[in-house]
2 protein chains.
Amino acid sequence: MRKPLYRQVADGLRSEIDAGVYPPGASLPSERELSIRFDAARNTVRQGLNVLVTEGLIAPSQGRGYEVRSHDLFTLDASRFENLTLGEDQDGDAYSDEVRRAGRRPHQEFRVELQPASDEVAARLSVDVTSSTILRFCLRYVDGVPWSTQATHYPAWVVSEAPRIAEPQDIDEGTTRYLNGLGLEQMRYHDTWSTRMPTPTEARELQVGPGVPVLIWSRTGFTSAGRAIRSTVTTFRGDLNQVTYDIDTRHTPPGGDAQ
Amino acid sequence: MRKPLYRQVADGLRSEIDAGVYPPGASLPSERELSIRFDAARNTVRQGLNVLVTEGLIAPSQGRGYEVRSHDLFTLDASRFENLTLGEDQDGDAYSDEVRRAGRRPHQEFRVELQPASDEVAARLSVDVTSSTILRFCLRYVDGVPWSTQATHYPAWVVSEAPRIAEPQDIDEGTTRYLNGLGLEQMRYHDTWSTRMPTPTEARELQVGPGVPVLIWSRTGFTSAGRAIRSTVTTFRGDLNQVTYDIDTRHTPPGGDAQ
DNA sequence: GAGTGGTCTAGACCACCAA
DNA sequence: TGGTGGTCTAGACCACTCC
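Please read all numbers here as calculations on a predicted model, not as lab measurements.

Asker: Looking at this structure, how should I read the protein's contact with DNA strand D?
Answerer: Near DNA strand D lie 27 residues; those nearest to it are R42 of chain A together with L5, A41, N43 and T44 of chain B. Counting only the atoms of DNA strand D within 4 Å of the protein, the fraction contributed by sugar and phosphate is 65%. One of the backbone nitrogen or oxygen atoms of E31 of chain A is found 2.9 Å away from a phosphate oxygen of DNA strand D. For DNA strand D, a base nitrogen lies 2.6 Å from a polar atom in the side chain of N43 of chain B. A total of four residues in the surface near DNA strand D trace back to one element, the largest contributor, which is helix α3 (residues 42–54) of chain B. Broken down by class, the residue content of the surface near DNA strand D amounts to seven nonpolar, 11 polar and nine charged.

Asker: Would you explain the packing of helix α1 (residues 5–19) of chain B against α3 of chain B in this entry?
Answerer: A pair of packed helices is characterised by two quantities: the angle between their axes and the separation of those axes. Residue and element names in this part refer to chain B. Contact pair α1 / α3: the axes reach a minimum separation of 8 Å and the direction vectors enclose 50 degrees. Taken together, the axes of α1 and α3 are oblique relative to one another. For the element pair α1 and α3, the recorded crossing hand is right-handed. Counted together, L5, Y6, V9, A10, L13, R14 and I17 of α1 and T44, V45, Q47, G48, L49, V51 and L52 of α3 form the full contact between these two elements. When the residues that make up the contact of α1 with α3 are grouped by side-chain class, the tally is 10 nonpolar, three polar and one charged.

Asker: How do you make sense of the confidence of the model for chain A when you look at a structure like this?
Answerer: In regions of low pLDDT, the predicted coordinates are not meant to be interpreted in detail. All names here are of chain A. Summing up the model confidence of chain A, the mean pLDDT is 87 and the portion of residues at 70 or higher is 91%. Every residue in residues 84–92 scores below 50 in pLDDT, and together they form 41 contacts with partners more than four places removed in sequence or on other chains. Ignoring residues within four places in sequence, the model shows residues 252–259, a span with pLDDT below 50, making 11 contacts including any to other chains.

Asker: Before we go on, may I ask you to explain the nonpolar core in this structure?
Answerer: Side chains that are nonpolar tend, in soluble globular proteins, to be buried together. Counting 20 residues, the largest nonpolar core has W193, V243 and Y245 of chain A together with W193, V243 and Y245 of chain B as the members making the most contacts within it. At the level of elements, β7 (188–196), β8 (214–222) and β10 (241–248) of chain A together with β7 (188–196), β8 (214–222) and β10 (241–248) of chain B are the ones that each hand at least two residues to this core. Setting aside its immediate chain neighbours within four residues, W193 of chain B contacts W193, L215, Q242, V243 and Y245 of chain A together with L215, I216, W217, V243 and Y245 of chain B.

Asker: Whenever I open this one, the domain arrangement of chain A confuses me. Can you help?
Answerer: How big an interface is tends to be stated in terms of accessible area lost as the parts join. Examined at the domain level, chain A breaks down into domain 1 (5–68) and domain 2 (74–251). For domain 1 of chain A and domain 2 of chain A, the distance between their C-alpha centroids amounts to 38 Å.

Asker: Mind showing me how you'd approach empty space enclosed by the protein here?
Answerer: Unfilled space is identified by rolling a water-sized probe across the atoms. Residues and elements named next belong to chain B. Counting across every chain of the model gives two cavities of 30 Å³ or more. As a volume, the second largest cavity reaches approximately 40 Å³. Together, F74, L76, Y95, W147, S148, F236 and N241 line the second largest cavity. When grouped by side-chain class, the residues that make up the lining of the second largest cavity number five nonpolar, two polar and no charged.

Quick notes on the rules
- Residues numbered from 1 in each chain as written.
- Chains lettered and ligands numbered in written order.
- Predicted model: local features only at pLDDT ≥ 70, side-chain atom pairs only at ≥ 80, totals over all residues.
- Heavy atoms only, no water.
- Near = heavy atom within 4 Å.
- Polar contact = N/O pair within 3.5 Å; in protein donor to acceptor, adjacent residues only side chain to side chain.
- Helix = DSSP H or I, 4+ residues; strand = E, 2+ residues; numbered from the N terminus.
- Nonpolar A, V, L, I, M, F, W, Y, C, P; charged D, E, K, R; others polar.
- Axes fitted to C-alpha atoms, helices over the stretch in contact; angles between N-to-C directions.
- Parallel < 35°, antiparallel > 145°, perpendicular 65-115°, else oblique.
- Left-handed = near helix turned anticlockwise from the far one by under 90°.
- Contact = heavy atoms within 4.5 Å.
- pLDDT = per-residue confidence, 0-100.
- Core = buried A, V, L, I, M, F, W, Y, C linked by side-chain atoms within 4.5 Å.
- Buried < 20%, exposed > 50% of the residue type's maximum accessible area, 1.4 Å probe, protein only.
- Domains from an automatic or database assignment.
- 1 Å grid on protein atoms, 1.4 Å probe; cavity = no way out; pocket = protein on both sides within 12 Å on 5 of 7 lines; lining within 4 Å.
- Points joined across faces, edges and corners; volume = space filled by probe spheres on them.

Right under this line is the structure:
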């Protein structure tokens, strides 16, 4: 019971990549060369290469060969990024500032939709399913590369108190600051982290191929009275992003919140 | 320029799965049946099925067919799970309690190692590379299924003040509570979230196949004086886990922490 | 033993990219 | 134009699972 040939191809190439024989950005030998080297049919070599593709280690491009992926991560500081004193979370400055701070060039595509609440959104916002919500959706780029998407749902009652939420334009001072000015302050957040492989739609939006998962950050903001103001889902390309928090327990109450 | 056959197979089956024709847990028709239905070679059908495998939608098993994966997520409440008043994060009760609270059966495999600090660990703990650290490593199961791994590194100075950290046994009252009792309180945390495909080692430990990413939570705990006490990396199976936080801004200082 | 997926071959032709 | 990956075929034999 020996190791299958295609696994030998995958393991052999993986260890060479790890050893730096093929550094990030380098090209692997062609499939036809590898099939001679490993004395295997081209399809078998392809099967081995495919293992590394789905591991996120290499990416093929037609006509050019297989390239070793680099895995430098852009770090988003969530503590700084979303912060009541700076006051912004979606459309405007905080995100772009954070990107520019890293010496990169930000760009966003933005749209607003009126949507009935899905089961999930309704549960997060504690509203009836099919009640209306405003969706503010944003596709974000860094240096021209699709980076993440952000979808924020606002319940109808927020829209009636803060009508500019429903307008299909950026809110210059930032949505959070705008809401704050109307007395809709977010005092508590409920965050959820998860990961999965992208859906075909996400793969198209974020222009990712096989082997690249997405990192999903879901944040619901509540008033001090515990009413949900908004629910934001940010979907990051997992190969390009990590997110950091700083948490200081010195000022949190001893009991914490019951959920 | 029509859609490739294997994509038609993948898209056709995906939409049937989404529509509930093949609900979670159901088996797909066999490759040989599908190759008749789509009038394609078996290899072509396999290529299409492989797309769905790497999307995490289905899982093959030899001799039994392709099964539609279910995607129920176990939710870990990080606010409750790791908390100074309850006081535990690694070996003992908090994790097991959290699992039992959900009506599931927890189990852990545990080991302790003496390790030179890697570049990454050294940076997080602000110690010299190759200086000694204690690694407390834990592989966690829920209902007998591998669920997550947790690796905590402690710098040498902590070990000299809290020698039981280096003993290859559980610390009954919990490591955090034990450290607290010695005046080594964690007052500030630096968390990082990321995702990627598992390494071959991780795939073996967590028994995951292709198409399942891992969710990585890295937490470094600091004393009130800002000295790093420990660095914990928790690696979750992405198909089984999500993690929630509750954040209350009412008691945090206005400025936040500089990073 | 019958049926399933897993591995592998040898070849064909197409689409894309660079020189 | 020549080399690269992308798609596809038809068939072989193996390993595993369940009856």
